Amino acid sequence: MVNVGKARTLAGMGALSAATLLLQVALTRVFSVAQFYHFAFLIISLALLGFGASGSLLALWPRLKAPTLYAWYAQGFAITVIAAYLFLDHFAFDSYSIAWDINQVFLLVANLLALAVPFVFAGALIGSLLTNQPESSGLVYSANLLGSAAGSVAAPMFLTLLGGARTVLLCALFGALAGLILSSRRRVSLLAIFGIGVSVLLLAIFPPVFEIIPSPYKLLSQYRLNPDVTITATYENAYERLDLIQSPTIHSAPGLSLAYLGELPPEAALLLDADALLPVVQSDQMPASFARSLPAAVALGIRPDGDVLILGTSGGLDASVALGNDARHVTIVESSHQVFDVLHDDLRAWAGLVDDARITLVREDVRTYAEQSSADYSIVQLPLSDNYRPISSGAFTLTENYTLTAEAFRAYFELCGEDGLLVVTRWLQSPPSEDLRTLALILEMLGDRDPLQHIVAFRSFQTVTFVVKPTPFTAEETERLLEAIDRLRYDLVLAPVMPEDMINRYARLETPVYHDRYLTLATTSDRQAFYENYEFEVSPPTDNHPFFFHFFRWAQTPAIVENLGRRWQPFGGSGYLVLVALLMFVVLAAAVFILAPVALRRAFRSALRQRGTLRMMRTLVYFAAIGLAYLFVEIALNQRYMLILGQPTLTLSTVIGSLLLFSGLGSLASARLARRRYSIVILAALLVILPAVIDAMSPPILSTPLLSRLGFTVLSIAPVGFLMGMPFARGVNALSDASALIPWAWAVNGSASVISAVLAATLALSLGFPALLLLGGGLYLLAAIMSPARV
């Protein structure tokens, strides 16, 4: 039986754990809007950095574990959540000038440390409870994990109802509530009630000072400086923020023909997360000649009166172009709830998509729709729906994209039947990279077919468009395509017939580099050698390695270092090297947290000597191994299930929530199953076979409704999560005869997890997600070998 006081303490810690996890998810949304999505992984690192620091502080100053401080830790969390958010919002570092402005480096470090402070308070409470109640470590750790699971599961609901900034304030409210639950003194209770009242008031009135301030380099910030721009609506849910922009200055038509000299149609703009622009054409004001002057018109010209599938609305521009080129029917698949709703409501009359009988608008993830559909289309179009980013910036290196993988392209191609066309438009990069990787995906999709008989590619000065057919192009089709390319003043890149005078004619280059590189790749007998020798990483991404925008090779390092600070790009164009720098930082921080108690506290060194060098080293390796392993597995599963569930925030909530829930149950059961030493071996075996299970089940499960996919995700994670919850609780219980070492073990575990969060991102880019699961299994086996006595 758990007495009332203990139950109340566990409830308070559970509430604070829920607030801590909810804060992590909310901050990923804040970072996605204020900075860029690829900074979001920092949040996990910051949380664990705080946990590692808390363990070190508890080991250095044992008085900090006093039960009278429990409520103060919760209050400290509540206060610093608000303070850290305001600091981040109003004193954000500049990712562009950081390469040459040392002040921005200091500001970045200040941002990181400020965000880590709330997690120090949360970690101090958990570490104190584990130290004071080692015999109940399974119960204590279970309460922590179950509370975190509740926060994770609730995150999508709160983010949809409140948005990212208000959810941060809600975390402060939950922290103050946890302080009230944990309080045993009247003065502390009054402070907690005051904190609750302040949090509720801030949530109710939401002062402008709490509004998210986007980076000045984001389009929303730039539009706000334009007096002709009106932001007519802003919507936010768990997955994205959408701003609806109206202005006569908005004109976006990627790949527009150089031959077009007419008026540009009026456009509204949809900005996703303050940056990604989707132009929405006023459909009844679009000139017919404009519709016939965009890249898709070349393919549409040889498939008149056809059924067109557009995988992503791109704001509706491509649908209007298809109808303007005599398509019989257009099916548009839109993965964004926000975009779908705006096209149905705010822009219903403007866009004219919903009420046009020739258009079917479907709300579904692009990849899921492609796997589920059995229809054949005359044209399947993957439109250009993201902003141009210089290849050298490395800005989206960490962004996974399951719509641009070899498996995805094969699914799209199957929708073309025997005579349909796949049309893909991408940005041109110099030197060829993003565009060349797109060709690599197409070649992988074609298999053993002769590429030059199945591909027609042409470029403008900024985009390249690929038209691909499952069967060889006929002579008549080739002739008509070449005629349209020449008439619209595009430059030919690849085709069954390639007249010399069409290759580098309009958007002239010193040498026809795109034609030369594409032709070399398309005709080489050893593509793998081409990929290995090319200056950028351009091999086709797969579902196990879905990083379409990761082009970094280590051979580029000297050039990157030489140009550091000379380019107007995030982190001076260093891209991937930012990860390496961050890894060095967290390794240094982890070393400080682990070694500080040993170096600075004599009593702690004495406790280590009493335990013996061998047991001390086994303790160190054991807690470090399970800390590294847990995050390897968590990050790999989160990314891998993103293909199945679609939306990043839904995936994060489901995967982490399930993992924490079942880990909590495993921790709770750890004492009863303590004598079953083979549980870690079974866990390692499951992690070895799990990638194969996910690979085998992904295609069929993608064709099922979302509820079925959620069920599969939870059930497949359950056994792994259950077994992952046992090792930490058992390790703490093994230290019950040397409780002074428990805060240090908490510091080691948290510090290893900090390293794991960054190292996992780095290794995933190089090795893919299955490798992380295998490494996680290996680390759990190492923990089994090095487990302290009595584990």
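Residues numbered from 1 in each chain as written. Predicted model: local features only at pLDDT ≥ 70, side-chain atom pairs only at ≥ 80, totals over all residues. Heavy atoms only, no water.

**A short note on the packing of aromatic side chains**
- With the rule as written, the count across this model stands at 20 aromatic pairs.
- Centre to centre, the rings of Y260 and F290 are 5.6 Å apart; their planes meet at 70°, and the pair counts as edge-to-face. Residue Y260 is found in the loop between β2 (241-246) and β3 (267-272), and its partner F290 is found in helix α8 (residues 288-291); the two are separated by 30 residues along the sequence. Each member of the pair, Y260 together with F290, is buried.
- A connected cluster of aromatic rings, assembled from ring pairs, spans F51, Y141, Y622, F623, F728 and W746.
- Across the ring face of F206, the terminal group of R166 is positioned such that the distance to the ring centre comes to 3.9 Å. (Phe/Tyr/Trp six-rings, centres within 6.5 Å; stacked < 30°, edge-to-face > 60°. Helix = DSSP H or I, 4+ residues; strand = E, 2+ residues; numbered from the N terminus. Buried < 20%, exposed > 50% of the residue type's maximum accessible area, 1.4 Å probe, protein only. Lys NZ or Arg CZ within 6 Å of the ring centre and 35° of its normal.)

**Re the packing of helix α4 (residues 102-132) against helix α28 (residues 742-767)**
- The contact between α4 and α28 brings their axes to 9 Å, and the two run at 135°. Regarding the angle of α4 to α28, the classification is oblique. For the pair α4 and α28, the sense of crossing is right-handed. Counted together, G123, I126, G127, L130 and T131 of α4 and I742, P743 and W746 of α28 form the full contact between these two elements.
- Grouping the constituent residues of the contact of α4 with α28 by class yields 5 nonpolar, 3 polar and no charged. (Axes fitted to C-alpha atoms, helices over the stretch in contact; angles between N-to-C directions. Parallel < 35°, antiparallel > 145°, perpendicular 65-115°, else oblique. Left-handed = near helix turned anticlockwise from the far one by under 90°. Contact = heavy atoms within 4.5 Å. Nonpolar A, V, L, I, M, F, W, Y, C, P; charged D, E, K, R; others polar.)

**Structural notes on unusual backbone geometry**
- Each neighbour pair has its own omega, and for S430 with P431 the value is 0°, a cis peptide bond.
- Structurally, the position occupied by P431 is in the loop between β9 (421-427) and α15 (434-446).
- With phi around 40°, F206 is a residue other than glycine that occupies positive phi space.
- Among the structural elements, F206 can be located in the loop between α6 (186-205) and α7 (219-224).
- Residue F206 is classed as buried on the basis of its relative accessible area of 7%.
- Although it is not a glycine, D326 sits at a positive phi angle of roughly 70°.

**Some words on the nonpolar core**
- Counting 149 residues, the largest nonpolar core has F623, L637, Y641 and Y780 as its most contacted members.
- Ranked by the residues each element gives to this core, the list is headed by helix α23 (residues 613-645), at 20 residues. (Core = buried A, V, L, I, M, F, W, Y, C linked by side-chain atoms within 4.5 Å.)

**Details of the sheet that holds strand β7 (residues 359-363)**
- What the 8 strands build is an open sheet, ordered β7-β6-β5-β8-β9-β11-β10-β12; its pairing is mixed. The strands lining the two open edges of the sheet, one partner per strand, are β7 and β12 (491-494). On average, adjacent strands in this sheet sit at an angle of 20° to one another, irrespective of strand direction.
- Sheet topology note: the strand β10 (residues 455-459)/β12 ladder contains 3 bridges and is antiparallel. Residue pairing for β12: F458 is matched across the bridge by L492.
- Sitting on the sheet, helix α11 (residues 337-344) is in contact with β6 (329-334) and β7, with an inclination near 145° to β7.
- Packing of α15 onto the sheet brings it into contact with β9, β10, β11 (463-468) and β12, and relative to β11 it is tilted by some 5°. (Pairing = 2+ DSSP bridges.)

**What about the pairing of β11?**
- Burial analysis of β11 places 6 of its 6 residues in the buried class, which makes it a mostly covered element.
- Because side chains alternate across β11, one face comprises the buried residues T463, T465 and V467, and the other comprises V464, F466 and V468, equally buried.
- Of the pairings in the sheet, the one linking β9 to β11 comprises 6 bridges and is antiparallel in character. Bridge pairing links R426 to V464 in β11.
- Taken together, the 5 bridges between β10 and β11 define a ladder with antiparallel strand orientation. Note that in β11 the partner of A457 across the bridge is F466.
- The turn joining β10 and β11, which pair antiparallel and follow one another in sequence, is formed by 3 residues.

**A short note on the sheet that holds strand β4 (residues 276-281)**
- With antiparallel pairing, the 4 strands of this open sheet are ordered in space as β1-β2-β3-β4. Each edge of the open sheet is held by one strand with a lone partner, namely β1 (230-236) and β4. In this sheet, adjacent strand axes meet at a mean angle of 20° when their direction is disregarded.
- In the sheet, β3 pairs with β4 via 6 bridges, with the strands oriented antiparallel. Along β4, the bridge assignment pairs E267 with V281.

**With respect to a nonpolar patch on the surface**
- Where nonpolar side chains cluster on the molecular surface, the patch consists of I102, V105, F106, V109 and L113 and spans about 430 Å² of accessible area.
- Locating V105 in the fold gives a position in helix α4. (Patch = residues over 30% accessible without salt bridge, like charges linked within 9 Å, V, L, I, M, F, W, Y side chains within 5 Å. Areas by Shrake-Rupley, 256 points an atom, 1.4 Å probe, with all protein chains shown as cover. Salt bridge = Lys/Arg side-chain N within 4 Å of Asp/Glu carboxyl O.)

**Description of the pattern of salt bridges**
- Scanning the entire structure with this criterion turns up 21 salt bridges.
- With a closest N to O distance of 2.9 Å, D243 and R241 form a salt bridge. Accessibility assignment for this pair places D243 and R241 in one class, buried.
- Among the salt bridges present, the one from D386 reaches R426, with a minimum N-O distance of 3.2 Å. With D386 in the loop between β8 (379-382) and α14 (406-414) and R426 in strand β9, the pair connects residues that are 40 residues apart, well separated along the chain.
- Given the relative accessible area of 24%, D386 is considered partly exposed.
- It is possible to trace a salt-bridge network through shared partners that takes in R303, D419, K469 and E477.

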